[in-house]
Every structure is written in structure tokens, then in C-alpha cells.
Amino acid sequence: MDDLTMLRALGDELEHEPPATLANQRRRLLDASNGTGRPRRPRGPRGLSVRGMAMLGLAAAATAAVLVAPAVLLRGHEVATPVGARPVKANEAINVLVAGTDGQMGSGRNPARADVLLLVHLSADRGRVTVVSVPRDLAVPVVPCAGSAGGASGPAKTERIGASFADGGMACLWKRVEVLTGIRVDHAVEVDFSGFKDMVDALGGVEVTLPTPIDDPRAKVRLPKGRQVLDGGQALGYVRARYSLGDGSDLGRIGRQQRFVEAMLRKAGGLMSDPARLAAFLGAAAKSVKADSKLDLPTLRAIAESLDGTVPGSFGSFRVPVRPSASDPGMLDWDRPAAQRLFAKVRDDTL
Amino acid sequence: MVPTMTAPPTTGTCDHDLVRESWTRPEAFSALFDRYADMLYRYVSRRLGPEVAEDLVGETFLVAFDRRRRYDLAYTDARPWLFGIVTKLVSRHHRTEAARYRALQRSPGEGVVESPADRVAAEVTALACRPALAGALAGLPARDRDVLLLIAWGDLSYEEAARSLGIPVGTVRSRLNRARRKVRAALGETNPMHEEE
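Predicted model, so just to flag it, every value in this text is computed and none were measured.

Calculation criteria
Residues numbered from 1 in each chain as written. Chains lettered and ligands numbered in written order. Predicted model: local features only at pLDDT ≥ 70, side-chain atom pairs only at ≥ 80, totals over all residues. Helix = DSSP H or I, 4+ residues; strand = E, 2+ residues; numbered from the N terminus. Buried ≥ 20, exposed ≤ 12 C-beta atoms within 10 Å, placed from the backbone. Arc of directions from axis to C-beta. Axes fitted to C-alpha atoms, helices over the stretch in contact; angles between N-to-C directions. Parallel < 35°, antiparallel > 145°, perpendicular 65-115°, else oblique. Left-handed = near helix turned anticlockwise from the far one by under 90°. Contact = placed C-beta atoms within 7 Å. Nonpolar A, V, L, I, M, F, W, Y, C, P; charged D, E, K, R; others polar. pLDDT = per-residue confidence, 0-100.

*Asks:* I tried to follow the overall build of chain A on my own but got confused; where do I start?
*Replies:* Tallying secondary structure elements over chain A gives 11 helices and 15 strands in all. The buried share among the 351 residues of chain A stands at 52%.

What follows is the structure in C-alpha cells.
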């Protein structure tokens with residue numbers, strides 16, 4: 001590993017994700033631009049261009065997460081709710097757990113694993129949307145998630161949170177996320193990557209920016225460097241490619257998948273105004289999405305409508321603060337104080 | 001079953017078009033914010049931490065907005081220009097920056113790590129060398145460090161870094177080489193495994 005690579009890794013480690021409050025700086029800029037030049041335009045939430053891509057994207061992610069579910073409900077794919085004692089619902093905020101699994105993409109003998117985990121928080125007034133992503137290699141205590149009521153702690157065994165999915169499906173993952181965070185998770189949505197190619201095509205492709213070209217015979221994909229729109233087949237190769245990119249680690253691949261899915265959901269959120277394409281997307285999604293039974297159509301509609309009123313600047317994206325595990329280099333430990341602060345804000349709806 | 005649709009055009013508006021548009025329609029400038037604020041925030045959060053980053057990014061765009069008529073429209077990509085402003089503003093916080101690296105140097109394995117999963121593998125390795133790296137960064141002259149970090153953390157090319165700082169490309173190269181030599185030396189001292197292959 002050369003010095004620049006080491007330095008980049010250090011940089012990655014020091015980096016922080018932009019907080020929702022960064023949008024205040026946009027307002028500062030707009031104030032300045034309104035204060036100069038010709039007669040000013042009327043200002044206010046609606047006076048601005050709402051095309052703030054970065055900010056809109058997060059709302060779109062949340063919107064899409066709840067949008068893809070209805071198709072499934074018609075098919076009766078259901079996620080069971082967790083067993084045992086659960087965190088109390090403290091307010092009217094809604095928390096949705098979204099898991100991306102590898103479904104049939106894994107080989108037959110391996111159960112599906114959850115690769116992408118997002119907790120989407122909609123504030124009680126529906127004015128803010130926050131996406132918290134949870135690394136799948138985060139070590140969590142193993143708590144019972146099927147059958148008898150959980151809650152036993154003691155010198156708990158730990159395992160990767162992503163493995164909870166293999167243990168007992170979405171309900172198990174849901175349970176352990178609640179135990180870890182103390183956050184009442186109202187709904188859960190599961191998206192299977194195997195329907196991925198059709199979903200991308202239905203969206204008309206998804207844009208990515210590649211820092212380096214990709215040529216990966218194993219994933220059957222060749223892509224040039226730079227900004228481009230990938231179709232379903234290319235996208236599948238891109239998220240599968242492993243050996244020709246970065247350090248060849250699975251972590252690198254998962255990260256790419258996560259970014260891609262975020263970009264995809266962003267695009268899906270933009271389809272609200274394009275019913276034909278939205279229908280195609282939902283059709284493709286229907287095969288690969290499951291949700292819990294309480295996430296029914298009226299609930300979805302209520303959520304979608306309330307999100308319509310959100311204004312730019314009210315979205316945030318966070319990741320559960322983690323550090324490499326001291327005991328197992330393949331796992332991650334959460335950074336307890338920082339993570340607790342984040343979870344408390346989700347619980348109290350003060351993000 | 002779903003028909004494959006052709007990809008939408010990727011043409012979009014280039015940065016210099018936005019800058020030119022903002023000459024007559026100032027609010028058009030906010031589109032540049034939407035494009036680059038997150039990226040600049042991440043960059044500044046690396047050098048100065050999250051406390052300072054938000055305000056500094058806001059200030060960067062205010063400065064850029066004030067100077068928008070001086071933007072050279074021959075350049076389609078505004079990133080080097082914005083990074084140049086960021087670099088100047090970061091230099092006002094040189095004490096904060098040095099203190100940040102020195103703290104890392106002293107306390108390996110501590111500090112808040114907030115990172116996407118895909119970076120973790122590299123981080124595990126970097127963790128071991130963090131004190132050495134941080135020490136090297138703290139010890140670099142500011143202008144060498146600016147070049148090194150624009151390239152390593154800002155992902156700029158040599159030409160772009162030159163444009164950012166208003167210096168010739170040859171100067172970028174010599175500063176970069178000097179900085180990298182020092183970083184390698186610091187790494188070599190503590191961890192011979194990581195000396196140049």
C-alpha cells in the first residue's frame with residue numbers, strides 16, 4: 001500500500017457526512033444573491049428552485065422506500081413484526097427499516113443476507129426526513145428474535161447485524177435493530193437485489209460517477225471512467241464487480257452497492273411526476289419487495305402526501321458511527337457515545 | 001418484461017454555464033451549491049473537523065458568489081476554483097488543523113470514526129499508521145500540505161490543483177513530491193512494512 005493510499009484511508013476515516021443543517025448555508029447564499037443586482041423576487045420556501053439535488057435526493061430515498069411497498073402488498077409478501085418487548089412509541093414520528101438483500105443472487109445453499117441497511121426517519125410533523133445507514137458488519141449482541149420473548153442480556157454473544165437476516169429474516173433484523181438502537185421501528189421493507197436489473201431499467205438507468213474505469217470479466221462489465229448512466233445489466237455488473245476495483249474486498253463492493261441503491265432510490269423519488277415510468281418501476285419492484293402488513297395503502301398514501309410538503313433543507317443523512325472492531329478485523333464496533341447520541345435524536349425526533 | 005428504456009441524456013448544464021447565468025440571474029448560483037456543497041463539506045471535515053466545516057462551506061460559496069464575474073468561462077468544471085477558495089479559507093484555521101493532526105498523532109485508536117462501510121477495510125490498515133501519517137501532516141509546510149491534500153483528499157488532478165492554487169503545474173509536482181517524501185519517511189520510521197514497494 002503506498003503513501004497516497006494510506007493517506008486517502010486516513011482521510012476517509014476523518015471524513016464526516018454533511019449534516020442536514022448544511023442547507024442553512026444554502027439559504028445564506030440565496031440571501032446574498034437576492035440582495036444584489038436587480039429587483040428581488042419574492043422569497044419563501046416556494047420561491048426557490050426545489051431542484052436541490054443533494055437534499056431532494058434524501059427525501060426521495062425515503063419516499064421511494066415507502067413507494068415500492070404497495071405493489072408487494074397486492075402479492076401478499078409479508079414481513080412479520082418482532083416478538084417480545086419492544087421500545088415504546090414515543091411520538092408520531094415514523095421509522096422505517098429498509099433492508100436490501102442478495103436474495104436469489106446468493107448461491108442456493110446460502111440463505112439471503114442483508115447487505116444494505118437503512119433506517120428512514122420521518123419527523124412527527126413530516127417536515128424532516130433523515131436516513132441513517134447501518135453498516136452490515138456492525139457487531140450486535142445476539143438476542144432472541146423468534147419464539148420466546150427476548151431481553152436476556154448478560155455476557156452476550158455478538159454477530160454481524162447483517163447476519164441477523166440469515167438467522168430469522170426481516171423480523172429478526174428488525175428486532176435486533178430495535179434492541180441496538182432503542183428506537184421503535186414502525187415498518188420494515190425488504191428489497192431483493194435479484195429484481196434489481198429490471199428495476200434499474202424501469203427507471204431508465206441510474207447515473208454514477210466512476211473515479212476509475214472498470215473492466216471486470218468475472219462480473220462481465222466494462223465501464224469507462226467518469227459520470228455516466230448505467231442500464232440494468234451494467235448496473236448489476238457494477239454492483240457485483242469485486243476483484244477489479246479498489247482493494248478487492250467485499251466491503252468495497254457493499255459500499256458500492258449502498259451508494260448505487262441510494263442513487264437509485266433518489267431517481268425513483270423523482271418519478272412521482274411521471275406515472276408511466278413509476279408504474280413500470282413498481283411493476284419491477286413488486287417482484288422484489290416485501291413489507292410488513294401494517295404498511296398498508298392508506299398509510300403509504302398518508303406518508304407520501306405528508307412528504308410532498310417537505311421543503312428543501314429539511315433532509316439529513318447519517319451513518320451509525322463505527323470503528324474497526326478490536327477483536328475481529330472483519331467486524332465493526334459502534335462508537336458508543338456518538339451512536340447513542342444519534343439514536344437518542346431519532347427516538348426523540350430531534351434530528 | 002419491463003422494456004429497457006434508453007438512458008436519458010447526460011448532457012446537463014456545465015458549471016461555467018451556471019456561473020455565466022448567475023451574472024444576470026444571481027439565484028442560478030445556488031445550483032453550484034447543490035452540486036458541490038456536500039463534496040466540499042466532506043473535504044473540509046477531513047481537514048478541520050465537522051465543527052468548522054459547515055460555516056466554512058457557506059463562506060466559500062459567498063466568496064465564490066462575490067467573485068463570479070471573474071470566473072474564467074474557458075473552464076467548464078468549477079471544482080478547482082471552489083477548492084482554491086476553500087484552501088484559502090482553511091488556511092485561516094491552520095491552528096485548528098495542526099491541533100487536529102497532533103491529537104490523532106497522540107491518541108491512536110480514539111476519536112469519533114464516522115465512516116461508510118466500504119472504507120473500513122482500508123481504515124483498519126490506516127489505523128496502525130495513523131499516528132505516523134498525522135504527525136507527517138502536522139509537520140508539513142502549509143503550501144506543501146495544500147497540494148498534497150487537494151490531490152489525495154480533493155481528488156484533483158495536477159492541472160486542477162495548479163489552477164486551484166494559481167501556481168504552475170511544475171510547482172504542484174515539486175511540492176507534491178516533497179510532501180510525499182516526508183510522508184513516506186514518517187511511515188517508514190514506524191512501520192517498515194509500509195515502505196514503498
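*Asks:* So what exactly am I meant to see when it comes to the environment of Thr13(B) here?
*Replies:* Relative to the assigned elements, Thr13(B) resides in the segment before helix H1 (15–24). Spatially, the C-alpha atoms of Thr13(B) and Ala31(B) are 9.9 Å apart, while their sequence positions differ by 18 residues.

*Asks:* Would you explain H1(B) in this entry?
*Replies:* One turn of an α-helix holds 3.6 residues; hence residues three or four places apart share an orientation. Residues of H1(B) that are buried include every one of Asp15(B), Leu18(B), Val19(B) and Ser22(B), and no others. Along H1(B), the residues classed as buried sweep out an arc of 100° about the axis, all on the same side.

*Asks:* Sorry, what's going on with the packing of helix H2 (residues 30–48) of chain B against helix H3 (residues 50–66) of chain B here?
*Replies:* When two helices pack together, their arrangement is given by the angle between the helix axes and the distance between those axes. All names here are of chain B. The interhelical angle for the contact between H2 and H3, taken along N-to-C directions, is 140°, at an axis separation of 8 Å. Our classification of the angle between H2 and H3 gives oblique. The handedness of the crossing between H2 and H3 comes out as right-handed. Where H2 approaches H3, its residues Phe33, Ala37, Leu40, Tyr41, Val44, Ser45 and Leu48 are matched on the opposing element by Pro50, Val52, Ala53, Glu54, Leu56, Val57, Thr60 and Phe61. When the residues that make up the contact of H2 with H3 are grouped by side-chain class, the tally is 12 nonpolar, 2 polar and 1 charged.

*Asks:* Please explain the packing of H2(B) against helix H4 (residues 79–91) of chain B as it appears in this structure.
*Replies:* Residue and element names in this part refer to chain B. As a packed pair, H2 and H4 sit with axes 11 Å apart at the nearest point and diverge in direction by 35°. For the pair H2 and H4, the sense of crossing is right-handed. Residues Tyr36, Leu40, Tyr43, Val44, Arg47 and Leu48 of H2 form the contact with H4, whose own contacting residues are Arg79, Leu82, Val86 and Val90. For the contact of H2 with H4, the residue count by class is 8 nonpolar, no polar and 2 charged.

*Asks:* Which parts of the structure should I look at to understand the confidence of the model for chain A?
*Replies:* As a general rule, the predicted coordinates of low-pLDDT regions are not to be interpreted in detail. Residues and elements named next belong to chain A. For chain A, per-residue confidence averages 69 on the pLDDT scale, and residues scoring 70 or more make up 58% of the total. Here residues 36–76 is modelled with pLDDT under 50, and outside its nearest four sequence neighbours on either side it reaches 96 contacts, counting other chains as well. Low pLDDT (under 50) marks residues 147–155, which in the prediction has 11 contacts with non-local residues, meaning those over four places away or in another chain.

*Asks:* Where do I start with unusual backbone geometry in this structure?
*Replies:* Note on backbone geometry: most residues besides glycine have negative phi, and most peptide bonds are trans. Despite not being glycine, Asp349(A) has its phi angle at roughly 60°, a positive value. With respect to the helices and strands, the residue Asp349(A) is situated in the segment after helix H11 (336–348). One non-glycine residue with positive phi stands out, namely Asp155(B), at about 60°. Take Asp155(B): it is sitting in the loop between helix H7 (142–152) and helix H8 (158–165).

*Asks:* Mind showing me how you'd approach the confidence of the model for chain B here?
*Replies:* Residues and elements named next belong to chain B. In this model, chain B carries a mean pLDDT of 81, and residues with pLDDT of at least 70 account for 78%. Predicted confidence in chain B is weakest over helix H6 (residues 120–139), with a mean pLDDT of 72, and strongest over H7, with 96. Segment residues 191–197: pLDDT under 50, and 11 contacts once partners within four positions in sequence are set aside and those in other chains are kept. In the predicted complex, the global pTM is 0.45; the interface-specific ipTM is 0.82.

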